[in-house]
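Residue-level structural notes
The chain contents come next:
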Amino acid sequence: MPPPDIPHVPHRRQLLLTVCGIGMASSVSAQAPLLIRHNMADAGAASPPYRLQVLRLLLDRTLASHGPYELRANPSATTQSRALAQLRAGDLDVWASMCSRSRQDAGLSIPICLRRGVNGVRLPVVLAERRSEFEGLRHQLALRTYRFGQVSHWPDARVLAGNGFKLEAVQTLEAFPAMLRLRRFDIFLLAADEAHAIAQAHPDLRVVDGWCLAYPSLYGFFVNARLPALASRLREGWARCLADGSFAALFEAHLGPQIQRAQLDKRLWLRLPNPDLPDGMPLRERALWHPQVWQHLLAPGASLSR
């Protein structure tokens, strides 16, 4: 008796096609990581810099909705002016910087301030032997008799010049201590979250305690204009981090100690307008700003001149 006619071949073919189909669907659904080129890695640093950790936080909060990512550092973007040119050319995808009118067209800006406004609170750094000379200053008119040093490509230089201060251009941050010792200028201004850490590396420099210059300032992310989806993802990640408190925790862990050391509540705030601040900045959204910045600078009724 001949064996029954069992259609093994068609079933095997169907099974093979099904397996292949599943494999193809899996490869399609396995999304490749989004490559993000940045210039926020500090060579030789023991841990990633704060601005890079904020970027990771925003991206991690959107993994489920937007998929995986890969960060790649671009070591050639060593100055703000070079990074700005690379962002405009499409050679960088994300850049962190102070916002200004001249940078509005550099890329898609994310309306957040990574430093909660303390980047616009500038502490005076002077020669230790002249510290007592500057501690007693209490008025802008007195300050205008001195010469200030500022890195030429920082937007802060435009703010100071726009407010009538005498400026000496400094090409890089690293150059300012030597120029201060040579008395090319009298005062160098650094942000409240960085001044003490930088000055303490130079035994002959001191941070003046009695006062600070302050102006509205937003330090945020700029995204390659060709990547609107990435800009949207960062805005979504920012909203989530602000709501769940994770950004506030990261800020306090990394910048809190330096801000406490600056003793902003004990200083006289000499307030300045920022003529280079772009339109549309969220200056009245209290939750975005450090309490001292809000109280002394941005709260309704706080004058921007003194």
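For the structure given in this document, a descriptive report is provided here. (Residues numbered from 1 in each chain as written. Predicted model: local features only at pLDDT ≥ 70, side-chain atom pairs only at ≥ 80, totals over all residues. Heavy atoms only, no water.)

Notes on the pattern of salt bridges
Following the criterion strictly, the structure yields 18 salt bridges and no others. In this structure, Arg-115 and Glu-194 form a salt bridge, with 3.9 Å as the shortest nitrogen-oxygen distance. With Arg-115 in the loop between strand E4 (108-109) and strand E5 (121-127) and Glu-194 in the loop between strand E8 (187-191) and helix H9 (195-199), the pair connects residues that are 79 residues apart, well separated along the chain. A salt bridge links Glu-129 to Arg-183; the shortest N-O distance between them is 2.5 Å. Here Arg-183 lies in the loop between helix H8 (176-181) and E8 and Glu-129 lies in the loop between E5 and helix H5 (131-135), a separation of 54 residues in the sequence. You can call Arg-183 partly exposed: its relative accessible area is 45%. Members of the salt-bridge network, linked through shared partners, are Arg-131, Glu-135, Asp-209 and Arg-267. (Salt bridge = Lys/Arg side-chain N within 4 Å of Asp/Glu carboxyl O. Helix = DSSP H or I, 4+ residues; strand = E, 2+ residues; numbered from the N terminus. Buried < 20%, exposed > 50% of the residue type's maximum accessible area, 1.4 Å probe, protein only.)

Observations concerning unusual backbone geometry
Positive phi outside glycine occurs at Arg-183, with the angle close to 60°. The phi angle at Gln-263 is positive, at roughly 50°, despite the residue not being glycine. Among the secondary structure elements, Gln-263 is positioned in the loop between helix H11 (246-262) and strand E12 (268-271).

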